[in-house]
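Tertiary structure, described
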Amino acid sequence: MQFLDGQRPPYDLTYDDVFLVPNRTDVTSRFDVDLSTVDGSGTTIPVVVSNMTAVAGRRMAETVARRGGITVIPQDLPVEAVADTVAFVKSRDLVADTPVVLGPDASVSDALALMHKRAHGAVIVVEGGRPVGVVTETACADVDRFARLRSVAATNFVTVGSDASPRAVFEALEAAHEGLAILVAPDSSLAGVLTRTGAVRTGIYTPAVDGAGRLRIAAAVGINGDVAAKAKALVEAGADVLVIDTAHGHQEKMIEALSAIKSLDLQVPLAAGNVVSAAGTRDLVAAGADIVKVGVGPGAMCTTRMMTGVGRPQFSAVAECSAAAMELGASVWADGGVRHPRDVALALAAGAANVMIGSWFAGTYESPGDLRFDPAGNAYKESFGMASKRAVAARTATDSAFDRARKGLFEEGISSSRMRLDPDRPGVEDLIDHICSGVRSTCTYAGARTLPELHERAVLGVQSAAGFAEGRPLPSGW
Ligand SMILES: NC(=O)c1ccc[n+]([C@@H]2O[C@H](COP(=O)([O-])OP(=O)(O)OC[C@H]3O[C@@H](n4cnc5c(N)ncnc54)[C@H](OP(=O)(O)O)[C@@H]3O)[C@@H](O)[C@H]2O)c1
Ligand SMILES: O=P(O)(O)OC[C@H]1O[C@@H](n2cnc3c(O)ncnc32)[C@H](O)[C@@H]1O
Ligand SMILES: [K+]
């Protein structure tokens, strides 16, 4: 990475402050770009879902891993609950999505409550293990909420053998003018569902898989308690990457926790943070981190900078930490503050191996929260910070009332925010398409076939606020 005309400013920069200058390129197609990462996490796109309760659950983990990213399950859950999630994700198909299933005697109201748990927006009615109908929102529009699904389900749905190629599924849907195919096993039992877009995505993305060909998943631990025992249990449960996470990662307790976990030689990459300096990066790598998590204060749910004045503009933090990590053969994840595909591209140009995204993905069908609607009818999900009053109250629920009250004084995050589902991109895969098409395009502009090449070849300029504003679209004129 270099600055345009060698002009590196004497102050720190964030994503909005910088732009990439196009280079002469011999990468002539965006499909010639390889987005896989080199940090040992096994991702084939540079996307890591943040360990936030409002963002990272089993549906998110399954869906994102199928497209090549990885989800970090938050540290606040008991090991048994994380183990369940890991087992679920590892049992999922690499191509077909998991259907939402109800029996024929379930009600329309049951179906409506579950339908938007997944982006394909349908409930499959199953009797004796076999699909007998499909219920969509449209079918429920003018019927009584207590009506039974057997009376509203469409029975003329498209079924395809579970061994059919994605192209064959696409063509069957095209011929039938339908959007969702029901995949059935040879014994006619329900095997999964696949949309037209899902079939197309299968040809573009490579799932992130473990040595046994199962979807990958990561899990987080904090720095308090018997962290090494928890880390060992999580890896035994199947976690592919361990994240050791606390607000101030450059502290003795982190170094102790990380060293203790490293000494177990668990044979999975260890990511630790958060830090924003070369010194913090070096100390975490020396204590055993393969990946250093970078970012203090950029997160959308984070009030740290307002509360403490501590932090660092994220582009400079990532650039400095990744340079220090690379010297030691380690990698960096850029954590927080991503709101546009360009932010992901700039973090990668700065040297990050992967980019962590939290709040942006909270506003999708796949995040764990319930779908809600504001008075104007816009769909949204609730999100909250992991150091917010809400998260601290949940984390300390088993402490004494006095300890809870004491810890409650140190909140550093928003407890309730509404993350709107973008009507054009309501599913996390829509956002992944958006991000990956942006980053593929960045790479061809920069003349890079791989992400390390993007970092090597990136030429960055610094822009004024007017420069940034000029780049924004003006959908309603001026
Ligand atoms: N990236 C960020 O900018 C950022 C900022 C805040 C939180 N978070 C996220 O929020 C979650 C909770 O993190 P957490 O660190 O608050 O809880 P935690 O990991 O459960 O505990 C933090 C530990 O560090 C100690 N500590 C010392 N100075 C601290 C400080 N300035 N801020 C916070 N703890 C400090 C705490 O002790 P005492 O309680 O006795 O002080 C406690 O032992 C994590 O997922 C973290 O990544 C991220
Ligand atoms: O993608 P965003 O949401 O911008 O960033 C995710 C990132 O934010 C950090 N974070 C989560 N909760 C809090 C909180 O309460 N205070 C400070 N920072 C927080 C965390 O690093 C996430 O990965
Ligand atoms: K912030």
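Since the structure is predicted, the reported quantities are computational estimates derived from the model, not experimental observations.

1. Let's talk about the UniProt feature "binding site: NAD(+)" (unreviewed entry) in the chain
This chain's UniProt record puts "binding site: NAD(+)" (unreviewed entry) on D245, T246, A247, G295, V296 and G297. For the annotated residues, spread through 53 residues, the largest C-alpha to C-alpha distance comes to 14.3 Å, consistent with a single compact locus. Within the element layout of this structure, G295 appears in the loop between β14 (291-294) and α11 (304-308). Judged by its relative accessible area of 8%, G295 is buried. Residues in contact with G295, not counting those within four places in the same chain, are N274, V275, V276, Q314 and D335. Among the structural elements, V296 can be located in the loop between β14 and α11. With a relative accessible area of 13%, V296 lands in the buried category. In this structure V296 touches A247, N274, V276, T304, R305, V310, G311, R312 and Q314, once residues within four positions along its chain are discounted.

2. As for the layout of surface pockets
Space inside the second largest pocket adds up to approximately 890 Å³. Lining the second largest pocket are 33 residues; nearest its centre among them are H340, P341, R342, F468 and G471. Elements represented by at least two residues in the lining of the second largest pocket include exactly β2 (18-20), α13 (341-349), α14 (359-362), β19 (417-420), α17 (428-446) and α19 (465-471). Here the lining of the second largest pocket gets seven residues from one element, more than from any other, and that element is α17. Looking at side-chain class alone, the lining of the second largest pocket contains 15 nonpolar, 10 polar and eight charged residues.

3. Thoughts on the pairing of strand β11 (residues 218-221)
Of the two faces of β11, both are covered, the one formed by A218 and A220 as well as the one formed by A219 and V221. By the bridge criterion, two bridges tie strand β4 (residues 70-73) to β11 in an arrangement that is parallel. Bridged to V72 within β11 is A218. Pairing between β11 and strand β12 (residues 241-245): four bridges, direction parallel. In the sheet register, A219 faces β12, and the bridge partner there is L242.

4. A look at the site of ligand 2
The full set close to ligand 2 counts 20 residues, and D335, G358, S359, A387 and E412 are the nearest of them. For ligand 2, an oxygen atom lies 2.5 Å from a polar atom in the side chain of D335. Between G337 and ligand 2, the recorded distance is 2.9 Å, taken from a backbone N or O atom to an oxygen atom. Computed on the free molecule, ligand 2 has an accessible area of 510 Å², of which 89% lies beneath the protein chains in the complex. A breakdown of the residues in the shell around ligand 2 according to their chemical character gives seven nonpolar, 11 polar and two charged.

5. Notes on the coordination of the potassium ion (ligand 3)
Coordination of the potassium ion (ligand 3) by the protein is provided by G297 (O), G299 (O) and C302 (O), with metal-donor distances spanning 2.7 to 3.0 Å. Mapped onto the sequence, the donors of the potassium ion (ligand 3) take the spacing G-x1-G-x2-C.

6. So, the UniProt feature "binding site: NADP(+)" (unreviewed entry) in the chain
UniProt tags D245, T246, A247, G295, V296 and G297 as "binding site: NADP(+)" (unreviewed entry). On the secondary structure map, G297 appears in the loop between β14 and α11. Classification of G297 by relative accessible area gives buried; the value is 17%.

7. Things to note about the pattern of salt bridges
Oppositely charged side chains can pair when the atoms bearing their charge come close. Tallied over the entire structure, the rule returns 29 salt bridges. Residue R449 is joined to D26 by a salt bridge in which the shortest nitrogen-to-oxygen separation is 3.5 Å. Within this pair, whereas R449 is found in the loop between α17 and α18 (451-457), its partner D26 is found in the loop between β2 and β3 (47-49), the two being separated by 423 residues in sequence. On the basis of relative accessibility, which here comes to 32%, the residue R449 falls in the partly exposed class. For E171, the salt bridge goes to R167, with nearest N and O atoms at 3.9 Å.

8. Digging into the environment of S441
Structurally, S441 is set in helix α17. Residue classification places S441 among the buried positions, given a relative accessible area of 16%.

9. Description of the packing of helix α1 (residues 58-66) against α17
Orientation of α1 relative to α17, taken along the N-to-C sense of each, is 35°, at an axis distance of 10 Å. Judged by the twist between their axes, the crossing of α1 over α17 is right-handed. Counting all contacts with α1, which are made through M60, T63 and V64, the residues of α17 involved are V428, E429 and I432. Taken together, the residues of the contact of α1 with α17 break down into four nonpolar, one polar and one charged.

Here is what the cut-offs are and how they apply
Residues numbered from 1 in each chain as written. Chains lettered and ligands numbered in written order. Predicted model: local features only at pLDDT ≥ 70, side-chain atom pairs only at ≥ 80, totals over all residues. Heavy atoms only, no water. UniProt positions renumbered as here; feature names shortened; annotations may be inferred. Helix = DSSP H or I, 4+ residues; strand = E, 2+ residues; numbered from the N terminus. Buried < 20%, exposed > 50% of the residue type's maximum accessible area, 1.4 Å probe, protein only. Contact = heavy atoms within 4.5 Å. 1 Å grid on protein atoms, 1.4 Å probe; cavity = no way out; pocket = protein on both sides within 12 Å on 5 of 7 lines; lining within 4 Å. Points joined across faces, edges and corners; volume = space filled by probe spheres on them. Nonpolar A, V, L, I, M, F, W, Y, C, P; charged D, E, K, R; others polar. Pairing = 2+ DSSP bridges. Near = heavy atom within 4 Å. Polar contact = N/O pair within 3.5 Å; in protein donor to acceptor, adjacent residues only side chain to side chain. Areas by Shrake-Rupley, 256 points an atom, 1.4 Å probe, with all protein chains shown as cover. Donors = N, O, S within 2.8 Å, 3.2 Å for Na, K, Ca; no water. Salt bridge = Lys/Arg side-chain N within 4 Å of Asp/Glu carboxyl O. Axes fitted to C-alpha atoms, helices over the stretch in contact; angles between N-to-C directions. Left-handed = near helix turned anticlockwise from the far one by under 90°.

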